[in-house]
Amino acid sequence: MWEHHTVEEQLYQHRGRSAIALGYTSLLSHSFEPNCIFIRHIDELFIDVFSKRLISAGEELTIDYQMTLWFDAVEIN
């Protein structure tokens, strides 16, 4: 979601505006135990992504999509 005081779940209620992240951010997969977090800077029009822990070389970067998923999530280890 790309409005203040909104949550991703409101996308399914057709409330508020949403945005699509481009570049490498669009490659982040969902995980219920993600190794990264994201912070939306709505007024500045950008997203920060930070690691939650040390990430090994070759390890996939993941975030929690924070919404009801429209697909079956599969954890890959």
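Look up a bit, the structure's there.
Residues numbered from 1 in each chain as written. Predicted model: local features only at pLDDT ≥ 70, side-chain atom pairs only at ≥ 80, totals over all residues. Heavy atoms only, no water.

Structurally, the position occupied by arginine 15 is in the segment before strand S1 (29–30). When its relative accessible area of 48% is taken as the criterion, arginine 15 is described as partly exposed. Residues arginine 15 and glutamate 59, spaced 44 residues apart in sequence, show a C-alpha to C-alpha distance of 35 Å. Among all residues touching arginine 15, those that are not within four sequence positions of it are Met1 and Gln10. (Helix = DSSP H or I, 4+ residues; strand = E, 2+ residues; numbered from the N terminus. Buried < 20%, exposed > 50% of the residue type's maximum accessible area, 1.4 Å probe, protein only. Contact = heavy atoms within 4.5 Å.)

For side chains bearing opposite charge, pairing can occur when the charged atoms are close. On inspection of all chains with the given rule, the structure shows 2 salt bridges. A salt bridge links arginine 17 to glutamate 3; the shortest N-O distance between them is 3.5 Å. Placement of arginine 17 in the segment before S1 and of glutamate 3 in the segment before S1 is noted, with a sequence separation of 14 residues between them. In this structure, arginine 53 and glutamate 59 form a salt bridge, with 2.5 Å as the shortest nitrogen-oxygen distance. Looking at glutamate 59, the relative accessible area reads 27%, which means it is partly exposed. (Salt bridge = Lys/Arg side-chain N within 4 Å of Asp/Glu carboxyl O.)

Before going further, it helps to spend a moment on the environment of tyrosine 12. Note that tyrosine 12 resides in the segment before S1. Note on tyrosine 12: relative accessible area 37%, which makes it partly exposed. Between the C-alpha atoms of tyrosine 12 and threonine 68, which are 56 residues apart in sequence, the distance is 8.8 Å. Apart from residues lying up to four places away in sequence, tyrosine 12 is in contact with Met67, Thr68, Leu69 and Trp70.

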